[in-house]
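# Architecture at a glance
So you can see what is in the structure, the chains are spelled out below.
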Amino acid sequence: MAEKKQETPIELGIYGRKGKKDGFAPADLVALVLSVIWLFASVAFFGFAKGDGGGLRVDPITFLLTFLAVVMPVALIWVGTSAVKSAKIMREESARLQAAIDAMRHTYIQQQQSANMGVRPTVEKKLDEIAAAQKQAETAIATFASSRVRPAPQPTPSPAKTGDSDQPLLALGTPAEELAPPLPAEDFIRALNFPETAEDKDGFRALRMALQDRLAAKLVRSAQDVLTLLSQDGIYMDDLRPDRARPEVWRKFAQGERGATVAALGGVRDRSCLALTAGRMRQDPIFRDAAHHFLRQFDRTLTEFEPSASDQDLNDLAETRTARAFMLLGRVSGTFD
């Protein structure tokens, strides 16, 4: 059995109407014939009426009624013809629209297949480089940890001294994160939004600082994994416009409240994104595990960040890509129920 030939977009009429635009349609021909028949019948009728009555009485009312009796049926014939042609055009437009949707779906599937073949965005490569640099930085900080002394909040017994040196010794195995200063809230929020472009120097600086911070590093890495997986389905946080929740709602969630009081955090209303994400959660165990890990990390980080955060900090946090991913996945998984 011969395979059916796939029509091109031009043959399907996606870029223009298929067939000739000009010409005399059959409906026009039928309307013209009916109009001519009606006009001849009207002329014949009034001609016989004049011959039998010895002349017609012409007055304004009679003329108006006669004119309407002749013209109105012709007008109705052409109105009906126009309706028939409009219905035909609508059917053709519907067919072209369906063909365009099929073409777009085919293109989308091809893009998804290309994305799954190892094509990695520039930002993801940058993040991998930053993660490698962060590991090197941790090693270097641990190597020189013995040369740094943190001021004690209260007097403590004098530490042991070695030889003739007056420098106190630090305990071995001190984590590099404990020696680093706290991450400012502004840089923490900027890191959770990730760099805007490859030239966003402030964004990459904040991201490097966050990857060296105990509080933010795990959340940044889990958010990176989730955003990468969502992008494979064409879901990008910049396309979402969730309803903004008040800072006190974020504080209630950070303090452990659940249910109707924090339901405003699930402000994502995009039905297509919600449906795609819910389907991925059911069918892809890797995505499901990454999503639950991300939700736990965001919850823990928010619990530690909230006591020292201002209302403006919480508003800025809610506008980040990480927070939008939390709203989307939280609503799909029922976190806010």
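Residues numbered from 1 in each chain as written. Predicted model: local features only at pLDDT ≥ 70, side-chain atom pairs only at ≥ 80, totals over all residues. Heavy atoms only, no water.

### Thoughts on the overall build of the protein
- A count of helices and strands for the protein gives 13 helices and 0 strands.
- In the protein, the order of α-helices and β-strands from amino to carboxyl end is α-α-α-α-α-α-α-α-α-α-α-α-α.
- Counting the 337 residues in the protein, one finds 30% classified as buried.
- Total accessible area computed for the protein in this model is approximately 22400 Å², and 59% of it derives from carbon and sulfur atoms. (Helix = DSSP H or I, 4+ residues; strand = E, 2+ residues; numbered from the N terminus. Buried < 20%, exposed > 50% of the residue type's maximum accessible area, 1.4 Å probe, protein only. Areas by Shrake-Rupley, 256 points an atom, 1.4 Å probe, with all protein chains shown as cover.)

### Quick word on the pattern of salt bridges
- In this structure the tally under the stated criterion is 16 salt bridges.
- The closest approach of N and O atoms between Glu-306 and Arg-251, which form a salt bridge, is 3.0 Å. In this pair, Glu-306 sits in the loop between helix H11 (285-305) and helix H12 (311-318) while Arg-251 sits in helix H9 (residues 247-254), placing the two residues 55 residues apart along the sequence. For the pair Glu-306 and Arg-251, one class covers both residues: buried. (Salt bridge = Lys/Arg side-chain N within 4 Å of Asp/Glu carboxyl O.)

### Details of the environment of Gln-312
- The residue Gln-312 is located in helix H12 in this model.
- Considering only alpha carbons, one finds Gln-312 and Pro-247, 65 residues apart in sequence, at a separation of 7.9 Å.

### A short note on helix H6 (residues 185-193)
- Within the span of H6, buried status applies to Asp-187, Phe-188, Ile-189, Ala-191, Leu-192 and Asn-193.
- Those residues of H6 that are buried lie in contact with helix H7 (201-211), helix H8 (214-231), H11, H12 and helix H13 (321-333).
- Directly beyond the C-terminal end of H6, a positive phi value near 65 degrees is found at Phe-194. (Contact = heavy atoms within 4.5 Å.)

### Re a nonpolar patch on the surface
- A cluster of nonpolar side chains, contributed by Ile-61, Phe-63, Leu-64, Leu-65, Phe-67, Leu-68, Val-71, Met-72 and Leu-76, occupies part of the molecular surface with about 900 Å² of accessible area.
- Mapped onto the elements, Leu-64 comes out in helix H3 (residues 60-115). (Patch = residues over 30% accessible without salt bridge, like charges linked within 9 Å, V, L, I, M, F, W, Y side chains within 5 Å.)

### A few points about empty space enclosed by the protein
- The final tally for this structure, using the stated rule, is 2 cavities of 30 Å³ or more.
- Within this model, the second largest cavity holds a volume of roughly 30 Å³.
- Lining the second largest cavity are Phe-188, Leu-192, Leu-219, Phe-298, Thr-301, Leu-302, Phe-305 and Leu-317.
- Elements with a minimum of two residues in the lining of the second largest cavity: H6 and H11. (1 Å grid on protein atoms, 1.4 Å probe; cavity = no way out; pocket = protein on both sides within 12 Å on 5 of 7 lines; lining within 4 Å. Points joined across faces, edges and corners; volume = space filled by probe spheres on them.)

### Description of the nonpolar core
- Of all hydrophobic cores here, the largest spans 51 residues; its most connected members are Trp-250 and Phe-294.
- When contributions to this core are tallied by element, the ones reaching two or more residues are H6, H7, H8, H9, helix H10 (271-283), H11, H12 and H13.
- Setting aside residues up to four positions removed in sequence, Trp-250 forms contacts with Ala-245, Leu-265, Phe-298, Leu-302, Leu-314, Ala-318, Phe-326 and Met-327. (Core = buried A, V, L, I, M, F, W, Y, C linked by side-chain atoms within 4.5 Å.)

### Details of the environment of Arg-190
- Its location among the elements puts Arg-190 in helix H6.
- With a relative accessible area of 28%, Arg-190 lands in the partly exposed category.
- Separated by 17 residues in the primary sequence, Arg-190 and Leu-207 place their C-alpha atoms 7.6 Å from one another.
- When residues no more than four places from it in sequence are discounted, the contact partners of Arg-190 are Asp-202, Gly-203, Arg-205 and Ala-206.

### Some words on H9
- Of all 8 residues making up H9, 6 are buried, and the element is well covered by its neighbours.
- Pro-247, Val-249, Trp-250, Arg-251, Phe-253 and Ala-254 are the residues of H9 that are buried.
- Lining the buried residues of H9 we find H11, H12 and H13.

### A word on the confidence of the model for the protein
- On average, residues of the protein score 76 in pLDDT, and 69% of them reach the 70 mark or higher.
- Confidence, expressed as mean pLDDT per element, reaches its minimum in the protein at helix H1 (residues 9-12) with 47 and its maximum at H11 with 91.
- For residues 8-21, every residue scores under 50 in pLDDT, and the model assigns this stretch 19 contacts once sequence neighbours within four places are set aside.
- The model gives residues 141-172 a pLDDT under 50, and that stretch makes 16 contacts with residues more than four places away or in other chains. (pLDDT = per-residue confidence, 0-100.)

### Some words on the packing of H10 against H13
- Packing of H10 against H13 leaves a shortest axis separation of 10 Å and a crossing angle of 65 degrees. Classified by chirality, the crossing of H13 by H10 is right-handed. Contacts between H10 and H13 involve Cys-273, Leu-274, Thr-277, Ala-278 and Met-281 from the former and Leu-328, Leu-329, Arg-331, Val-332 and Ser-333 from the latter.
- Tallied by class, residues from the contact of H10 with H13 come to 7 nonpolar, 2 polar and 1 charged. (Axes fitted to C-alpha atoms, helices over the stretch in contact; angles between N-to-C directions. Left-handed = near helix turned anticlockwise from the far one by under 90°. Nonpolar A, V, L, I, M, F, W, Y, C, P; charged D, E, K, R; others polar.)

### Observations regarding the packing of aromatic side chains
- Under the defined criterion, the tally for this structure stands at 8 aromatic pairs.
- Summarising the aromatic geometry, the rings of Phe-253 and Phe-326 are spaced 5.5 Å apart at their centres and angled 70 degrees between planes, so their arrangement reads as edge-to-face. Of the two residues, Phe-253 is situated in helix H9 and Phe-326 in helix H13; the sequence distance between them amounts to 73 residues.
- Within the aromatic cluster, the residues linked to one another by ring pairs are Trp-250, Phe-253, Phe-294, Phe-298, Phe-326 and Phe-336. (Phe/Tyr/Trp six-rings, centres within 6.5 Å; stacked < 30°, edge-to-face > 60°.)

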